[in-house]
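An overview of the molecular structure
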Amino acid sequence: MRNISRRDLFKIGGTAAVGVAGAGMLASCAPRQSAGQGATTAEASSAEAAGTGTETTSMPAFLAKPEAVVEFAETKDYDVVVVGAGVSGMAAAVSAAQAGAKVACVQKESEPSSQGNMAASVDLEQTGEAGKQALLSFLTELNQHRSDRALLEAWADNSFEAIDWFRDLASQGGIEVNDDEPQAERVLNVNGYDVYLHANTYFGIGHGEVVKAIAPVAAQAGVEFFYSTPAVQLATDDSGKVTGVVCESGKDHVLFNAAKGVILATGDYQSDEDMVAHYCPDIVGFPPLQANRTGDGHKMGVWAGGEIEPVTHTKMLHDARVCRVDAPFLLVNYLGERFMCEGPMQGYLNNYAREYVHRTGDPLSATMFSVMDAKWRDEIEEWKAIDPEIDASNCKVYFEGNTIAEAVEAMANDPDWAYNVDAVAVQASVDRYNELCAKGADDDFGKNPAFLRAIEQPPFVVVPRDFGYSLSAIIGGLLVNADNQVLKACNHAEAVEGLYAVGNVSGCFYGGVDYPMDVLGLSIGRAITGGYVAGKHVAGL
């Protein structure tokens, strides 16, 4: 049988060619069809949600467009309406208000809500243009080359200013960054260029407290907050322009008109099981760490004519116990067995645990344990000369014993942690590992001999690494441009007029399977920067 050439493909004809090469793309851009034209109501609603016809019935049910709300107990008029009061929404609201706009911020919860400890930026006063571009290329590679480079560049160009501004807002609210935080200032060498990174760090406080502290500052700047007021739909005019937000207030609906634009800052969808299964199926079974993250902004954006970036979405699933050890020490699984060539940063280790969770149905089977001896701190300092990213400065929780069994028992008896692992199996793994270290060759996994160090000197140390209850975020959202305008489905050259998305409801900033932790605090830094840029942009219309 001969191969089909490109010329032969075109000879086959349009319909057949679509079947071979482009059915999914063209189906998603097909003309709309109403329920009265041969489609069931459910199919038509599902098709209309994505701007599709009933030729395709693969639209997930959670994107079925609801009936428009047309009766309101009250109507309020603003220039800008921000949906969500996390770091991205707070930044957007204050930025727009400071630029002269009349701003409302509607929040699903009863107070501001956010998460995380670090917010990263690029210091362009010290980083040259080549260094910045090298960083963007590095991040693009970490994201499996699925990032929109324009979004990365918008973050890099504006982040230092935005993070400095947000830190000042927090300071006005009474919260200061951590003193003498070793991870606040970092230098990455990428392709021979030094990249200077700066982060606002709030370890022990968290950005949840930061946004609460900023809320009174935002109110003084003119932002009006409406808590326990979830947004349910976007209002549009006949041209498709987004003109406001429909919210629930008790049993009533309130229309918030937005003369200049609506900024979606609703966070991710980790609490919506159907969305997780559809867009990020590899984390099915990992319980969400955050509540009420149900993809509201994603859905409203699609109903208004936007499009969600392709699967699979990037997940942020890393050690929940602040026990981070980004160093190649022996690592065993929940059975006490060595299972990998140690070395990946903690943000990627969840991929090894995923199958355990799916196999057992128990999130605790996603727990791993680093095993070291008395030399572990000295070994880290030696290894830093080989790889500067090797680090254990955040290793806050670990257990010691004069034997492996004693260290494991100390962990199991701790009232706050109480992780259990078979001490006999761990000892067997240590014994085998020591044999390989003595040989100078890792016959089991091929680990770099420079990192093969015997575990033989007490006290012995066990570090629990809990990936089972640590799904912090799913970072995949509506397609946007560098100004954070939501792009039209099937016509990414045009924006949905009046609609913006920032933070975890926006994409394609990432794109890889896992959140890259090589730039610590990138997620929150990007969210703050996006809100800062979008707020100013909308207010300036």
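Everything quoted here is computed from the prediction, not taken from an experiment.

A separate point is the sheet that holds strand β3 (residues 118-122). As a general point, the strands of a sheet are linked pairwise by backbone hydrogen bonds and lie either parallel or antiparallel. Taken in spatial order, the three strands make up an open sheet running β3-β5-β4, and their pairing is antiparallel. Unpaired on one side and paired on the other, β3 and β4 (185-190) mark the two borders of the sheet. Here the average twist between neighbouring strands, direction ignored, is 30°. One ladder, built from five bridges, connects β3 with strand β5 (residues 193-201); its direction is antiparallel. Bridging from a neighbouring strand, Ala119 pairs with Asn200 of β5.

We now examine the sheet that holds strand β12 (residues 367-372). Strands sit in the order β11-β12-β14-β13 across an open sheet of four strands; the sheet is antiparallel. Bordering the open sheet on either side are β11 (330-332) and β13 (399-401), each of which pairs with just one other strand. Averaged over all neighbouring strand pairs, the angle between strand axes comes to 25°, with direction disregarded. Packing of helix α12 (residues 404-413) onto the sheet brings it into contact with β12, β13 and β14 (460-466), and relative to β13 it is tilted by some 145°.

The N-to-C vectors of helix α6 (residues 149-172) and helix α14 (residues 522-539) enclose an angle of 90°; their axes lie 8 Å apart at closest approach. Classed by the angle they form, the pair α6 and α14 counts as roughly perpendicular. Each of Ala154, Trp155, Asn158, Ser159, Glu161, Ala162, Ile163, Trp165 and Phe166 in α6 lies in contact with α14, whose residues at this interface are Leu522, Gly525, Arg526, Ile528, Thr529, Tyr532, Val533 and Lys536. Tallied by class, the residues present in the contact of α6 with α14 amount to 10 nonpolar, four polar and three charged.

Our focus in this paragraph is unusual backbone geometry. Residues Val311 and Thr312 are joined by a peptide bond in cis, for which omega reads -5°. A cis amide bond links Pro458 to the next residue, Pro459, at an omega of 0°. In this structure, Asn292 is a non-glycine residue whose phi angle is positive, near 65°. When you line up the elements, Asn292 lands in the loop between α8 (273-279) and α9 (296-303). For Asn292, a relative accessible area of 44% translates into the label partly exposed. A positive phi angle, close to 70°, is found at Asn484, a residue other than glycine. Relative to the helices and strands, Asn484 is located in the loop between β16 (478-479) and β17 (485-488). The class of Asn484 is buried, set by a relative accessible area of 9%.

Remark: the empty space left among the atoms is shown by a probe the size of a water molecule rolled over them. As enumerated under the stated definition, the model contains four cavities of 30 Å³ or more in all. Approximately 150 Å³ is the volume found for the largest cavity. Lining the largest cavity we find 15 residues, and of these Leu151, Asn484, Phe509, Arg526 and Gly530 sit closest to its centre. Of all the elements in the fold, those that place two or more residues in the lining of the largest cavity are α6 and α14.

So, about the confidence of the model for the protein chain. Within the protein chain, residue pLDDT values average 88, and 89% of them lie at 70 or more. Within the model, the stretch residues 1-57 combines pLDDT values under 50 with 57 contacts to residues more than four positions away or in other chains.

This part takes up the packing of helix α4 (residues 87-98) against α14. At a closest axis distance of 7 Å, the pairing of α4 and α14 adopts a crossing angle of 30°. Considering the angle they form, α4 stands roughly parallel to α14. Handedness of the α4/α14 crossing: right-handed. Contacts between α4 and α14 pair Val87, Ser88, Ala91, Ala92, Ser95 and Ala96 from the former with Ile524, Ala527, Ile528, Gly531, Tyr532, Gly535, Lys536 and Ala539 from the latter. Of the residues in the contact of α4 with α14, the class split is nine nonpolar, four polar and one charged.

Before going further, it helps to examine the pattern of salt bridges. Taken as a whole, this structure holds 26 salt bridges when the rule is applied. For Asp282, the salt bridge identified is with Lys315, shortest N-O distance 2.8 Å. With Asp282 in the loop between α8 and α9 and Lys315 in strand β10 (residues 314-317), the pair connects residues that are 33 residues apart, well separated along the chain. For the pair Asp282 and Lys315, one class covers both residues: buried. One salt bridge connects Glu342 with Lys447, and the closest N-O pair in it is separated by 3.2 Å. Remark: Lys447 occurs in the loop between α13 (423-439) and β14 and Glu342 occurs in the loop between β11 and α10 (350-360); sequence separation between them is 105 residues. Take Glu342: its relative accessible area is 5%, and that puts it in the buried class. The network of salt bridges with common partners includes Glu129, Lys132, Glu153 and Asp157.

Reading the values: rules and limits
Residues numbered from 1 in each chain as written. Predicted model: local features only at pLDDT ≥ 70, side-chain atom pairs only at ≥ 80, totals over all residues. Heavy atoms only, no water. Pairing = 2+ DSSP bridges. Helix = DSSP H or I, 4+ residues; strand = E, 2+ residues; numbered from the N terminus. Axes fitted to C-alpha atoms, helices over the stretch in contact; angles between N-to-C directions. Contact = heavy atoms within 4.5 Å. Parallel < 35°, antiparallel > 145°, perpendicular 65-115°, else oblique. Nonpolar A, V, L, I, M, F, W, Y, C, P; charged D, E, K, R; others polar. Buried < 20%, exposed > 50% of the residue type's maximum accessible area, 1.4 Å probe, protein only. 1 Å grid on protein atoms, 1.4 Å probe; cavity = no way out; pocket = protein on both sides within 12 Å on 5 of 7 lines; lining within 4 Å. Points joined across faces, edges and corners; volume = space filled by probe spheres on them. pLDDT = per-residue confidence, 0-100. Left-handed = near helix turned anticlockwise from the far one by under 90°. Salt bridge = Lys/Arg side-chain N within 4 Å of Asp/Glu carboxyl O.

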